[in-house]
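What follows is each chain in one-letter form.
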Amino acid sequence: SLFKYLVLSFFMLGIDYATKLWAISALKGKHYWPESGELLRFDYAENYHMAFSLSFLDMQWVNIMAIIASGIVVYYLWLYKDTHVLPSIGMSLIFAGAMGNLGERFIRGYVVDFISADWPDWLYFHRWPTFNIADSCVTVGITLFLIYTLFYEGKIVLNEGASEAETLRENE
C-alpha cells in the first residue's frame, strides 16, 4: 500500500533532519572529524546552490522545480505502489531526499552538507563534493528505480492463477 512507502519517506526525512541538526551542533565551526579521516569524514558545509554547489539557476527556480518534481515522484509512487518493491522504495527515497533539501532551503536558506568521501586522485575531483542523507536518498532511490526499469519492468508478467515460480519458468 501507499501508506508504508510514505512511512518510509517520512522516516528517512526524520533521519535526514536529525543528522543535519547533529552536524550543526557537532561540526559547525570546527575542523572535520575524524581528523585522520581520509576515505570518509564529517565536514560541515553550507550549500547555497544546487547539487554539487552548481549555481547556474536562481534558487527560486530550483525550489519550484523541486516542488513539481516531488509531485511527479508522489504520482509515480502511487502508480508503482502495487507492482514491485524496487520502484516503490526508490520513489519513497527520492521523495524523502527532495523534501529534506527543499525544507532546508525554506527554513535556513541553504542546505547543510556534512559527509565527505574521498575520490581517486586521478579523477576530476580531489574529494567527492560534500553531501548529506537527503542526497544519498535521492541517489539510492534513482538507482533502485533505474534497476527496476532496466532489468524488471515488462520482463515478468504474472499469469492469472499461476504461481510466481511457474510464471518465471514460462518467461525464461
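Residues numbered from 1 in each chain as written. Predicted model: local features only at pLDDT ≥ 70, side-chain atom pairs only at ≥ 80, totals over all residues. Heavy atoms only, no water.

**Remarks on the overall build of the protein**
Quick reminder of the rule: Per the convention used, a helix needs a DSSP run of H or I reaching at least four residues, while a strand needs a run of E reaching at least two, with both numbered from the N terminus. Categorising residues by exposure relies on relative accessible area from a 1.4 Å probe, with only protein chains included: less than 20% of the type maximum marks a residue as buried, more than 50% marks it as exposed, and the intermediate range marks it as partly exposed. The contact criterion used is simple: two residues touch if any of their non-hydrogen atoms lie within 4.5 Å. Values of accessible area rely on a 1.4 Å probe in the Shrake-Rupley scheme; residue burial ignores everything except the protein chains shown.
A tally of helices and strands in the protein yields five helices and two strands. Counting over 172 residues, the protein shows a buried share of 34%. The contacts of the protein with a sequence gap of at least 6 include a subset with a gap of at least 24, amounting to 63%. Within the structure as shown, the protein displays about 10600 Å² of accessible surface, and the carbon and sulfur contribution to it stands at 67%.

**A word on the nonpolar core**
As a reminder of what qualifies: Only buried residues count toward a nonpolar core. Its members are Ala, Val, Leu, Ile, Met, Phe, Trp, Tyr and Cys residues joined through side-chain atoms within 4.5 Å.
Met12, Ala23, Tyr44, Met91, Phe114 and Ile133 are the most contacted members of the largest nonpolar core, which totals 25 residues. Mapped by element, the contributors of at least two residues to this core are helix 1 (2–27), helix 2 (59–80), helix 3 (85–107), strand 2 (111–117) and helix 4 (133–151). Of the residues forming this core, the biggest block, six residues, is contributed by helix 3. With sequence-adjacent residues up to four places away left out, Tyr44 is seen in contact with Ala23, Ile24, Leu27, Lys28, Tyr110, Val112 and Asp113.

**Description of the packing of helix 3 against helix 4**
Our working rule: Note on method: axes are straight lines fitted to C-alpha atoms, helices fitted across the in-contact stretch only, with angles between N-to-C directions ranging 0 to 180 degrees. Roughly parallel means an angle under 35 degrees; roughly antiparallel means over 145; roughly perpendicular covers 65 to 115; every other angle is labelled oblique. Less than a right angle of anticlockwise turn of the near helix away from the far helix marks a crossing as left-handed, whereas a clockwise turn marks it as right-handed. Gly falls in the polar group here, along with every residue not listed as nonpolar (Ala, Val, Leu, Ile, Met, Phe, Trp, Tyr, Cys, Pro) or charged (Asp, Glu, Lys, Arg).
The N-to-C vectors of helix 3 and helix 4 enclose an angle of 155°; their axes lie 7 Å apart at closest approach. Taken as axis vectors, helix 3 and helix 4 run roughly antiparallel relative to one another. Like other packed secondary-structure pairs, helix 3 and helix 4 cross with a definite hand, here left-handed. The segment helix 3 lies against helix 4, with Leu86, Pro87, Ile89, Gly90, Met91, Leu93, Ile94, Gly97, Ala98, Gly100 and Asn101 engaging Ala134, Asp135, Cys137, Val138, Val140, Gly141, Ile142, Leu144, Phe145, Ile147 and Tyr148. Across the contact of helix 3 with helix 4, the residue classes tally to 16 nonpolar, five polar and one charged.

**Here we look at the environment of Ala26**
Note that Ala26 resides in helix 1. What makes Ala26 partly exposed here is its relative accessible area of 27%. In this structure the C-alpha to C-alpha distance between Ala26 and Tyr44, which are 18 residues apart in sequence, comes to 8.9 Å.

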